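Below are the chains, spelled out letter by letter.
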Amino acid sequence: MALFSLRGRFFRCRSDITRVTTATQQNCSSVASGKHCVNGVNLYYEQTGRGKHAVLLLPGALGCTKTDFGPQLKSLNKERYTVVGWDPRGYGRSRPPDRDFPTDFYERDAKDAVDLMKALGFVKFSLLGWSDGGITAMIAAAKNPDVISKMVVWGANAFVSQQDLELYTAVRDVSKWSAKMRKPMEEVYGAEGFAKTWEAWGDGIAQFAKRPEGSICLELLPLIRCPTLVIHGEKDPMVPSFHPQHLLKHIQGSRLT
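Residues numbered from 1 in each chain as written. Predicted model: local features only at pLDDT ≥ 70, side-chain atom pairs only at ≥ 80, totals over all residues. Heavy atoms only, no water.

**With respect to the packing of aromatic side chains**
Thought 1: Taken as a whole, this structure holds ten aromatic pairs when the rule is applied.
Thought 2: When the centroid spacing of 5.5 Å and the interplanar angle of 70° are considered together, the rings of Trp-177 and Phe-194 count as edge-to-face. Taken together, the residues Trp-177 in the loop between helix H5 (162-170) and helix H6 (179-189) and Phe-194 in helix H7 (residues 191-206) connect sequence positions 17 residues apart. Taken as a pair, Trp-177 and Phe-194 share a single burial class, namely buried.
Thought 3: Measuring from centroid to centroid gives 4.8 Å for Trp-198 and Trp-201, while their planes differ by 20°, and the two rings are stacked. Pair noted here: Trp-198 and Trp-201 are both in helix H7, with a separation of three residues, about one helical turn. The pair formed by Trp-198 and Trp-201 is uniform in burial state, with each residue classed as buried.
Thought 4: The structure contains a cluster of three or more aromatic residues connected by ring pairs, namely Tyr-168, Trp-177, Phe-194, Trp-198 and Trp-201.
Thought 5: Positioned above the aromatic ring of Tyr-91 is the side chain of Arg-99, whose terminal nitrogen or guanidinium carbon lies 4.3 Å from the ring centre. (Phe/Tyr/Trp six-rings, centres within 6.5 Å; stacked < 30°, edge-to-face > 60°. Helix = DSSP H or I, 4+ residues; strand = E, 2+ residues; numbered from the N terminus. Buried < 20%, exposed > 50% of the residue type's maximum accessible area, 1.4 Å probe, protein only. Lys NZ or Arg CZ within 6 Å of the ring centre and 35° of its normal.)

**A closer look at the environment of Gln-252**
Thought 1: Inspection of the secondary structure assignment puts Gln-252 in the loop between helix H8 (242-250) and strand E11 (255-256).
Thought 2: Along the primary structure Gln-252 and Pro-222 are separated by 30 residues, whereas in three dimensions their C-alpha atoms are 6.6 Å apart.
Thought 3: Setting aside residues no more than four positions away along its own chain, Gln-252 makes contact with Ile-224 and Arg-225. (Contact = heavy atoms within 4.5 Å.)

**Comments concerning unusual backbone geometry**
Thought 1: A cis geometry characterises the amide bond from Arg-95 onward to Pro-96, with omega recorded as -5°.
Thought 2: The phi torsion at Leu-62 lies on the positive side, around 65°, for a residue other than glycine.
Thought 3: Inspection of the secondary structure assignment puts Leu-62 in the loop between strand E6 (53-58) and helix H1 (65-68).
Thought 4: Residue classification places Leu-62 among the buried residues on the basis of a relative accessible area of 0%.
Thought 5: Although it is not a glycine, Glu-213 sits at a positive phi angle of roughly 65°.

**Quick notes on the pattern of salt bridges**
Thought 1: Evaluated as defined, the whole model comprises seven salt bridges.
Thought 2: Across the salt bridge formed by Arg-182 and Glu-186, the nearest N and O atoms sit 3.2 Å from each other. With Arg-182 and Glu-186 both in helix H6, this residue pair falls four residues apart, about one helical turn.
Thought 3: We classify Arg-182 as buried; its relative accessible area is 18%. (Salt bridge = Lys/Arg side-chain N within 4 Å of Asp/Glu carboxyl O.)

**Topic: helix H4 (residues 132-143)**
Thought 1: Here H4 contains twelve residues, and its C-alpha end-to-end distance of 17 Å stays within 8% of the 16 Å for a straight helix at 1.5 Å per residue.
Thought 2: Among the residues of H4, those classed as buried are Asp-132, Gly-133, Gly-134, Ile-135, Thr-136, Ala-137, Met-138, Ile-139, Ala-140, Ala-141 and Ala-142.
Thought 3: On its buried face, H4 sits against E6, helix H3 (105-119), strand E8 (125-130), strand E9 (148-154), H7 and H8. (Expected span 1.5 Å × (residues − 1).)

Everything listed here is a matter of coordinates, which is why it stays silent on function.
See the structure below:
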């Protein structure tokens, strides 16, 4: 085991794999879970299925396998797909380190995601990303065209507008959220940890508004070559409809539903 130092804190970087068996009403499926040392961080993942088509699930802001992708890990066709869920660094079970939001945090997540899949032995794979995970997926696809087979994104945006900033400000104080909305995240981070990390995310996403055109990854969209499906909910309260329209226009051959 290698020893790494991040922000003055030492921890052992390990690759631990455990295997558990879960049962559904229709069939039994094996779920492998563990941690892999990737770019100096122990990244937690869950893997199920034995299909030839590998798929990585990328969670939203502060999200993780537990909070965001239980239904997909349970229900996607295990014969057709090999499904991997992961917790980005600083989220869920991929702690330590604590999550931070430097100017390149989406690029960092994209590199971590691709490198994790390579460490797990996947040469090519597809991406399913929502919210921040959708942004991470788009960056990963643009920078790794020979690795990414297909991509589905929803609730994602390539830039931050003034309208977006107003929406982020409106939800910054989690004490104003309903208990039902707070519960999944508080179970993972604790009430204080969730509030602190969410505020840090708000500051992190807001910094993109200072860039030309508010760009998160505008310049990368034309580099995406894989078949891409963009999904948008008509009642999505956090992602204005101009965002999926922009993705449709600038990702070659993409479709919007």
